[in-house]
Structures are given as structure tokens and as C-alpha cells.
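Fold and geometry: a report
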Amino acid sequence: DALGYNCWLGYHKLDNSRLIKEYVKWCKNIIRSEDSDVINTALDELKNGIHGLLDINPIISVEPVMKAYLSIGTFSENDTLDALLETEEKEETGEEGFIIKLAETDEESILIIAGKTEKGLLYGVFSFIRAIQTQNNLENIFGIEKPANQLRILNHWDNLDGSIERGYAGKSIFFNNNKVIRKSDRIRDYARLLASMGINGTVINNVNVLKFETRLITSAYLPDVARLADLFREYGIRLYLSINFASPMELGGLPTADPLDEGVREWWKKKIEEIYSYIPDFGGFLVKADSENRPGPFTYNRNHADGANMLAKALKGHSGIVIWRCFVYNCMQDWRDYSVDRAKAAYDNFMPLDGKFDENVLLQIKNGPMDFQVREPVSTLFGGLRETNQVMEFQITQEYTGQQKHLCWLVPMWKEILDFDTYAKGKNTFVKRIVNGSVFENKYSGIAGVANIGDEANWTGFQLAQANLYGFGRLAWNPDLTSEQITEEWVRRTYSNNSEVVNIISEMLLSSWKIYESYTSPLGIGWMVNPNHHFGPNVDGYEYDKWGTYHRADLRGIGVDRTSASGTGYAGQYNKEVEEGYQDAGTCPEELLLFFHHIPYNYKLKSGETLIQYIYNSHFKGVEQAIDLKNKWLSLKGMVGEELFNHVKGRLEGQIEYSKEWRDVINTYFFRKTGIDDEQGRKIY
Ligand code: GCU
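Read on for a plain summary of the structure. (Residues numbered from 1 in each chain as written. Predicted model: local features only at pLDDT ≥ 70, side-chain atom pairs only at ≥ 80, totals over all residues. Heavy atoms only, no water.)

**Observations concerning the overall build of the protein**
Secondary structure summary: the protein contains 21 helices and 18 strands in total. For a compact globule of 685 residues, the expected C-alpha radius of gyration is about 26 Å, and the protein comes in at 26 Å, within 12% of that figure. Oriented by its inertia axes, the alpha-carbon framework of the protein measures out at about 80 × 65 × 50 Å. Buried positions account for 61% of the 685 residues belonging to the protein. Sequence-distant contacts, at least 24 apart, represent 72% of the contacts inside the protein between residues at least 6 apart. Placing the 75 positive and 95 negative side-chain charges of the protein at their respective mean positions leaves the two points 3 Å apart. (Helix = DSSP H or I, 4+ residues; strand = E, 2+ residues; numbered from the N terminus. Rg over C-alpha atoms; globule rule 2.2 N^0.38 Å. Buried < 20%, exposed > 50% of the residue type's maximum accessible area, 1.4 Å probe, protein only. Contact = heavy atoms within 4.5 Å. Lys, Arg positive; Asp, Glu negative; His and termini not counted. Charge placed at Lys NZ, Arg CZ, Asp CG, Glu CD.)

Have a look at this one:
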């Protein structure tokens, strides 16, 4: 696997003979007495894992043929397993969890991997393999594990022509030439990757549903979509589709898509019945409505709840859900108008509707109030909404974070967001506890990630960007894992258990987000990118545009005043304890200073540097750190496969050049704006 196609699931023989002996003890014989697609998937994975990692071929049997063996299955269906487990254990395991446990009698030693459901079992098998692959002592994984989040879902922004909006790793693995791809190998491997992280849902088409994609819910496409759903089902994954709110007009020829119109409601009801006749476990719809020129209920003077509930009612009988996006703002803004603030838009649109959504509607909220910038505060809807199911939307694909040409490992950022205290119900109301549904006892909730994969051999373009996909999946399963645990796991599984390799690649990943941040836009201001494609520096690229994305730099200062006293009032949307910190520049976390305040260039930061000197310093330092990333990588020569070594080296060399461009464009811009020299007299153009 020279190119990294297997990601973290390439099973290579371990070289630790002591541990191999420990594992092999139970792995020579696998007992399974149930038969179903998902159980077969689990069994295959277990066989392959054991074969690859331990170099033995286990005997699969219904009755044990050895004294020590592995027994896998679901305790709800399998009486033998049921009898080996305590009642509390079974209750605790839940719908998607699993238990791994040793049962020893005088004659036998049984290592049990069991779930209540086959999905739980599948996750248990992957967890067992992960333990072996990372050379963990098996005692460490004995116990019960279950996912923190109910919905763990990927969003693909794939179009039917095969292109991927904001895709940086080739073309779609699902679609080509306005058809669903029939060849299934790659799609099966994709499902396998997802299941290995515990992802249980995927939306296969772009939130921007255009002409061809609108037809995915017609008989022209549904048989093919159903084939994909069949495939995903074997891996415990439900398929979802993004839909066009105007479908009743575009497909049904109705004169309106008004959600309160009887004809429209009837049309959706029939349509949804039709979808379920092809896909009995269809997950539901993802909807981008009244957002960036997509149709929605506003046209008919209806609100988002009217729109979402209309679909929800039709889906409910089939246990389908509506995931309705909150990325709604005025994209025809006037940069001269200081009173409108895009950051406020999601909250302004959705807070008044809190409590008005049906129980099978979830609002999907981007992590920040703008749009996946390298640094943003947490969306005010988290901690604002109290009576609405919520889904966190992260962007795994690196649109604003280097487009898989820069190394930018996003897990530390996601961790900060998930660990953020909203104070919605007093101290310790962390975002992660809102999105796992526990704070407000939601019926549905979860985490979505905009996928970063395409049809390139290594899936993600930049092989190290696989770590973002992996990290997303692991956090969706368990947001309490630390960044360090995730890097270590990923490196061990993907590269090697050699401690030097683990340490160096971990250090690279762990430092990369801050490095990227330091040479791009400063202190939370965002947006200084080239319009449209969003790659590379352009300080004023979005400054005089209609998108609501301004930095407001002049000769004296920079930043957007979002305070209540003198600015747009965005800061006032937070709960009091949070708001207080942001309203005042002195208490505002410095990494967000320019997001909340307009600050003079000679303002002294806590480090003692002036703002302008900080901008210069961080940009010079960021480039040095990018060079250091490459040097760290070079020290691994001979310790990782040559082809991968050269591939990563090439990307890191590219990153150094891009970072210099960023440094020089940003520093020059501010030098020219202010006329203030760099204290250290470094080269500014
Ligand atoms: C960003 C992104 C678009 C995407 C949109 C969305 O604006 O650039 O490509 O469609 O977000 O999330 O809907």
C-alpha cells in the first residue's frame, strides 16, 4: 500500500513477539453462531485483522474447537453470549455500544466481543483490532464502550457530474457524468473506513442541490441510490440525501413549494413513501434552504419551522429525520453598512423558532458564526437554543484551512469548540454535552463533518489529511479523547508503532493548526483569502464584497467591533458569563481579539508586543515553523515507506512556499497601511 489507500486499516504483521503471543491465545478460534450481513462484515474484518497483524488464520466455528477462543455476536439474539453477561452489563451497552470481556472457567477462556445490536458488535470488532494494531494490552479495552453522540454523520458535497464542491482530493467516489457509479469496490472500502470509526450515517450529495441532483429522489436514480444504501447497510451506515426545497415545482410540476400548501404536503408525502419503497432504512433529508440563493420557505412568507416540519411529518412514520441547516444569512450585504453583521444571522433567524420544530427535526449548526475560518468563536446558537435538537457541523475538508496543500490538523480546534463552556445551564454546560443531547435531553442530536475525501488513491489528496477524517470520526464517537491520544492512535495504525515515528508525526500534527493560523489571517479576523476558490492570501479579497466578510482595516487599526456598546452587538448573543469576557478587549481571549474588537495597531497585547508587531512576528515565525515541519519529516527518512515519504515531503515543501506568500502579502499590506517598521528590521516589501 505505497500510496496510503488502506489508511489506518492496513494490517501489517506486528513485531512485538511478547504481545503477539498474548493476542494469539484467543485468536486461533472464532465462534460465531449468528448470520447476517453486518455480522459477516464484522467477521471478515476480524479474520483479516488477525491474519494481517498476527499472521495466523483463525478457525471459524459454531462450537469451540480450542480451549481459548473469541466469541462474537449479539447478546439479544445469541443465548450463549446472553448467559455470559450480567444484566447491568447488557443494559449499559445500549443500542450501539459493545462489551469486550473475558469469561474464564476451569476449562475455557473466552474473550467476548458482543453488542446488543450487530452494529454495536461491528464497532466492538474494530475496537479490538485497533487495540492489537496499536499494541495495547487487552486488559485496557475490557469493558463497555458506547458512542457519546447518536448521529455521527458525514456530509459529502458531491455533485452528480462527479465534481466535489470544496473537494481537494479528486472527484466523487459516488457520481460521475450525471450517473451513480455502479462499481462498488471503492464505495465498499469507503463504508469500511467509516464503520471503523463508528460513523453511522452519510449524506452522499451536496447541500447545494442543483438540476441533476434534484432528480436523485426520482425513479431515474432511486434504484442506484438504493444499491449504495444496500452497501452501506452492511457496515451499519444509513444513507441520507440533500434535497431541493423546490422539488415539488421542479419535479412535480406544482405551481408552488409553499410548505403549508396541501398539494405540496401531499407531494412530499408520496415522494417520501416512494423513497422508502426503495430504501427501507433511508435516514432522511439534509436541507440547505433560504441560504446562498437556494430556495426555501421565505418565498412564501413561511419560516424555517414551517419548512422543516412539513418534511418531518412526512418522514416521521418511516423513522426518518430532517437535518435543517442554520447557515442562513444575507449574502447581498453592502460593505458600507456597518449595522448588519453576518455573524448575528444564524441566531437572529433561528432563536425565535426555538421549540417550534417537530421532534424529528435537527438543526445543523456550523461550529462558528461565520464559515469555517481558521479561528472563530463558537456559534451563539449552541447555548442559545434550549428546545431544539442540534447537530454540530464541522468542516473536515480544508476549504479555509489550506486545502490539503497545507498541513492543518483540525482536531485541536474541534476539541476547543466541543470543550467550550456555553453556561447555558450554569457552569460546565460544554458544547459537547449539548450536541450529545444530554443537557437538554434531546431525542436526536449529533455531529456532522463535511467530508474531505475523493477518488485519489490516498482518498484525501494529502495523505496526512487522512488524520482529519480519522480524528473527526473518533471525536464523534468520543469527544473526551485527547488530541494526543488521537494522533498517537492514528500514527500507530497508519505508519508504525515505532516510538520515534509516533512522536515526530504526532508533534507535527499537534502543532500544525497554530502554525497555519500564525501565517494566515491574524487574531480571529478571518477571510483574507482569494475570493471564490479561497486559496492563498488576499487581504482585501472580501473587503468590499457582498458576503458580509469584513476586517475594517484602516491606517489606525483593524477588527470588527461586535460589542453591544459600540458595535454590532453580536457579543450580546452569548450567555452572560461568556458575553462578559468578549465585550471588553482587555478580557477578550487574544486569539479572537479582532473578531470582537476594532483595535489600534499600537495596542499592547499581553505578551508586551504591539498589535502590528505581533502581526509581523507571527508571520515570520509561522514560516520558520513551516520549515521546521519539513525538517521533522525529513528526520523520518527510511522509517516510513519511500513513496509516502516523498509525497509528504513534496506537500510540505509546497507549504513552505505558500506560507512565504502569506507572510509577505500580509506583512506588506499592514506595513503599507500603517507605515510602522518591523522592530527587528526584517524584510517587508
Ligand atoms: C461555504 C462554502 C460553500 C458551501 C457553503 C455551505 O460558503 O464556500 O461552498 O456551499 O459554505 O456550507 O452551504
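**A few points about the sheet that holds strand 4 (residues 98-104)**
Spatially, the 6 strands line up as an open sheet ordered 2-1-3-5-4-6, and their pairing is mixed. Every interior strand has two partners, whereas the edge strands, strand 2 (59-61) and strand 6 (143-145), have only one. Strand-to-strand twist of the sheet, defined as the mean angle between neighbouring strand axes without regard to direction, takes the value 20 degrees. Where strand 1 (residues 29-31) meets strand 2, 3 bridges bridge the pair, whose relative direction is parallel. Its bridge partner lying in strand 2, I31 is registered against S61. Contacts between helix 2 (residues 37-54) and the sheet are confined to strand 1, strand 2 and strand 3 (68-74), with strand 3 contributing the most and set at about 150 degrees to the helix. (Pairing = 2+ DSSP bridges. Axes fitted to C-alpha atoms, helices over the stretch in contact; angles between N-to-C directions.)

**Looking at the site of the ligand**
Near the ligand, the surroundings consist of 13 residues, among which E165, K288, R325, K366 and E399 are the closest. A distance of 2.5 Å separates an oxygen atom of the ligand from a polar atom in the side chain of E165. One nitrogen or oxygen atom from the side chain of R325 is found 2.6 Å from an oxygen atom belonging to the ligand. Alone, the ligand offers 320 Å² of accessible surface; in the complex the protein occludes 95% of this. The residue makeup of the shell around the ligand, split by class, is 3 nonpolar, 2 polar and 8 charged. (Near = heavy atom within 4 Å. Polar contact = N/O pair within 3.5 Å; in protein donor to acceptor, adjacent residues only side chain to side chain. Areas by Shrake-Rupley, 256 points an atom, 1.4 Å probe, with all protein chains shown as cover. Nonpolar A, V, L, I, M, F, W, Y, C, P; charged D, E, K, R; others polar.)

**Here's the deal with the environment of G263**
As for its placement among the helices and strands, G263 is situated in helix 10 (residues 262-278). With relative accessibility at 35%, the residue G263 sits in the partly exposed group. Sequence-wise, G263 and K21 are 242 residues apart; in three dimensions their C-alpha atoms are separated by 67 Å.

**What to know about helix 16 (residues 483-494)**
End to end, helix 16 covers 16 Å across 12 residues, agreeing with the expected 16 Å (1.5 Å per residue, within 8%). Here helix 16 has its buried residues at S483, I486, T487, E489, W490, V491, R493 and T494. Tucked into the core, helix 16 has its buried residues touching helix 5 (118-133), helix 13 (411-418), helix 15 (466-477) and helix 17 (499-519). (Expected span 1.5 Å × (residues − 1).)

**Some points on the sheet that holds strand 13 (residues 321-325)**
Pairing within the closed barrel is parallel, and its 8 strands lie in the order 7-10-11-12-13-14-15-16. Across the sheet, the mean angle separating the axes of adjacent strands is 25 degrees when strand polarity is ignored. Helix 8 (residues 222-233) rests against strand 10 (201-203) and strand 11 (238-243) of the sheet, and its axis sits at about 145 degrees to strand 11.

**Here's the deal with the nonpolar core**
Residues L54, F128 and Y495 are the most contacted members of the largest nonpolar core, which totals 216 residues. Excluding its chain neighbours within four sequence positions, the residues that come into contact with L54 are K13, L14, I20, Y23, V24, C27, G49 and I132. Listed in part, the 10 residues of the second largest apolar core include I31, F75, L85 and I110. (Core = buried A, V, L, I, M, F, W, Y, C linked by side-chain atoms within 4.5 Å.)

**As for the pairing of strand 15 (residues 389-395)**
Summarising burial for strand 15: 7 of the 7 residues are buried, a large majority. On strand 15, burial covers both faces: N389, V391, E393 and Q395 on one face and Q390, M392 and F394 on the other are all buried. Summarising the sheet, strand 14 (residues 361-366) and strand 15 pair through 5 bridges and their orientation is parallel. Within strand 15, the position partnered with Q364 by the bridge is V391. Both strand 15 and strand 16 (residues 446-450) contribute to a ladder of 5 bridges, which runs parallel.

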